[in-house]
Structures are given as structure tokens and as C-alpha cells.
Amino acid sequence: MMNTLVRKLTHDAAENERIYKEGGKILREGGLVAFPTETVYGLGANALDVSAASKIYAAKGRPSDNPLIVHLSRVDDAEKYCVTSDIFYRLAAAFMPGPLTVVMPKRDCVPSTVTGGLDSVAVRIPSNEHARSLIEAAGVPVAAPSANISGRPSPTCAEHVIFDMTGRADMIIDGGDCDIGVESTIVKLSGDEMILLRPGGVTLEMLSAIGDVTLDKAITGSLSEGERPLAPGMKYRHYAPSTRVVMLDGDGADIKKYLWERSKCERVGALLFEDELAYYSELDITLVDLGEHSIEAEAHSLFAKLREIDTYNCDTFYVKVPDKTGIGLAVYNRMLKACGHEVVTL
Ligand code: TXA
Ligand code: MG
């Protein structure tokens, strides 16, 4: 177990600058630093240092064939690590810095440890200014997966990271709550074509305004037995609380009746928006408030709620199928994985 420094960012710019420098030095020297981004917290290491990048897999308990995203502070740096193309620069002009990761052919300087043995590399420039300042201070590209133990929901606040990574990372930088709450959109470029590997804050609708997008089948779970998703990480069970989670597709009355029936044979929990709670309050089940009724708010709090679910001692938690437009596709995709694809149509 290593000693883990925890540093909290504040409104004191000079103090924050010291924290970026301290974290940057640890990264440059081969250590692990967890840091906030606009999507989720990342667990960073120097992407050009094989032994540093290997530490990430050990700290997370992550399979070594699951590649890492390389985080940069500037779009101009992308060319050093991958073979960029016209469509990359069009995406960059529209959405970078921001919650978009682009997969392109890698250059030789990127170790295969980082790319899980693939000949492509994923790059992203976060819009979170603390993340960019840290990468800038490190002076090296930063390989960073989400800062959770493999299989657990991605961390969206420092408390989650402290829970998962104390003793495993050299430093945790606390930058408060992540704005978006689900991981970045991942797009793979192949010629002029975009393949959406993971939906996120840069939505399918936004990408379609730039060019033609095809969806990897893994996103909505239509992958058949033995088929491999293009993003290796999409094949693993994920975001999974110990409590069973099931998605329900139906209208309010059907869902209420179903939950009532289930409550006679198991301890039932339900994740609902605040304005829906009253309707279900007569049932003898555990109701958990998702907050304001909007898909953005649901994206923002989903992972925290998936962590919270295990504290209620329920057998099964039920959650409604979200609206799949905009960032809703990302919420639906993460929920599918959290519930191991158990969806009940009512
Ligand atoms: O928002 C995010 O992207 C966060 C923050 C920290 O930036 N990071 C993140 O990393 O979610 P991670 O490791 O949890 O997810 C990375 C995903 C995995 O599914 C991985 O398989 C895929 O990206 N990936 C990485 N490199 C790839 C490549 N060369 N080809 C295809 N998929 C790749
Ligand atoms: Mg992850």
C-alpha cells in the first residue's frame, strides 16, 4: 500500500498552481495521479512510460487488453501521437477541448501497453481547466482511464476516488463534482467515416452534423455471443453495484403494478426522478431520488446513485429506461451495462 496524498483545489489560483506542479512532477517521474475532468475522474500516468502505464492496470485491476485514453492539453499535440486526418480537425474545431475521445492510428512513440496491443490510440483534450493545467504542468501526455476499481461505477466526485484509490495512487486531486457525469464519447475514425464506440456528452446528433456516423453494435447491446466490440472496454460488465439492477420499459401505471407485485417476493428499490416519487410512495419499497427530472441531471448523478444503491439492503433496484436522445443514449448504454442487459418490457 502506498501513501496517497489528497490535495483539494479551491479558488486560490496560486495554491492550485502549486497542486498542478506537484501532480505534474509525480506524473513525469512515473507515479499515478487521480484528477477531475468534466466527465469523470481519471487515474493518470505518463503515457510514454511503460512502467508508469502498467501501474494503472495494477491499481485498477484492469485487464491488460483494455486500452487507455491519452489525455493532451492541446489539439496541436495530437499529431505527435497519432496519424490525424481532416475529419479529426473538423471534430476538434467543433468539440475540443471537451468530452470527445478520438481513436486514430498510433505513432511508434506510444507504447503498446497504453493501447492494449492495438495499433490505434485514443486521444482526448478535456475541457476541465484543472485537468488541462495538470497535463500542461506534467509536460507529458497523460494516459488515464476512469479512476475506479475495474467493474465499479466511474467516480464523479473525489469521495468516490478516495474510496477506490487510497493506497493505490500517489496523489488524488479533489476538484469537486464532475459536470457531465458519464465518460467521454468515443469515435473511431476510418478514412472519412466515424464509428461511434461509446456515447457520451458529445451526442450522436452533434457528431452527425459533422459527417456520417455508424454505431458500434455494442452500444445498444445488440452484440451477439462471441462478437467483439471495437472498444475493448465495452465488453466488460461495468458500473455494477452488488445489488441486482433491472431496467423497466413501460408506462407509470404498469411500472407501479409491476413493482407492487415484485415487492411481495423481494426487497425492492427504485431509482426515480423527484417529481415521480409521490406516485410510487404508497408502495412498500425503497425509493431513491435521482433529482431534477432531466436527462442531463440523470447523467450527472447516475454513477453516484449506482454506488449508493448498495447501501439500502435491497434485492433488486429498478430503474426506468431513459429517453435515448441526446446524452440519453449514453445514460441508456451505461444502464444496460449496470443491469447486465436485464430489461423488462411491460
Ligand atoms: O471521459 C473519459 O473518457 C474518462 C476520463 C478520465 O477522461 N476516461 C475513461 O477511460 O472513461 P476508460 O479507460 O474508463 O475508458 C476508455 C475506453 C475503453 O472502453 C477502451 O476500450 C476504449 O476507451 N479505448 C481506448 N483506446 C482505444 C482504442 N485504441 N481503440 C478502441 N477503443 C479504445
Ligand atoms: Mg472506465
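Preceding this section is the structure that the text describes.
All residue numbers here refer to positions counted from 1 along the written sequence of the relevant chain. Written order decides the labels, with chains lettered from A and ligands numbered from 1. Per-residue local features of the predicted model are confined to residues with pLDDT of at least 70, and side-chain atom pairs are confined, for both listing and counting, to 80 or more; whole-chain, interface and lining totals are unaffected and use all residues. Just so you know, side-chain values use all the structure's heavy atoms and leave hydrogens and water out.

### Remarks on the nonpolar core
Cut-off, in case you're wondering: Residues belong to one nonpolar core when they are buried, are Ala, Val, Leu, Ile, Met, Phe, Trp, Tyr or Cys, and are joined through side-chain atoms within 4.5 Å. Only protein chains enter the accessibility calculation, which uses a 1.4 Å probe; a residue whose area is less than 20% of its type maximum is buried, one above 50% is exposed, and one in between is partly exposed. Contacts are assigned to residue pairs with any non-hydrogen atoms lying within 4.5 Å of each other.
If you look at the biggest cluster of nonpolar residues, it comprises 49 residues, and the most contacted ones within it are L43, F88, L91, L100, L189 and L207. When neighbours within four sequence positions are excluded, L91 is seen to be in contact with M96, L100, V102, L189, M194, L207 and I210. In terms of nonpolar packing, the next biggest core, distinct from the first, is built from 25 residues, V182, L271, F317 and C339 among them.

### A closer look at the packing of aromatic side chains
Each aromatic ring pair is described using two quantities: the centre-to-centre distance and the angle formed by the ring planes. Keep this limit in mind: Put simply, two rings from Phe, Tyr or Trp (the six-membered ring, in Trp's case) pair if the centres are within 6.5 Å, and we call them stacked under 30 degrees between planes, edge-to-face over 60, tilted for the rest. Working rule: Lys NZ or Arg CZ, within 6 Å of ring centre, within 35 degrees of ring normal, means a charge sits over the ring.
All told, the structure shown has 4 aromatic pairs when counted by the stated rule. Judged by centre distance (5.0 Å) and plane angle (90 degrees), the rings of Y279 and Y280 are edge-to-face. The partly exposed category is assigned to Y279, whose relative accessible area is 39%. When the ring centre of Y279 is taken as reference, the NZ or CZ atom of K256 above it lies at 4.1 Å. K324 extends its terminal NZ or CZ atom over the ring of Y332, reaching a point 4.4 Å from the ring centre.

### Details of the pairing of strand β13 (residues 268-272)
For clarity, the cut-off: Counting from the N terminus, the helices are DSSP H or I runs at least four residues long and the strands are E runs at least two residues long. When DSSP finds two or more bridges between a pair of strands, those strands are recorded as paired.
Taken across its 5 residues, β13 has 5 buried, putting it largely inside the fold. As paired strands, β13 and strand β15 (residues 316-320) are joined by 4 bridges and run parallel to one another. In the sheet register, L271 faces β15, and the bridge partner there is V319. For β13 and strand β14 (residues 286-289), the ladder comprises 4 bridges, and the chain directions are parallel. Directly across from G269, in β14, lies its bridge partner T286.

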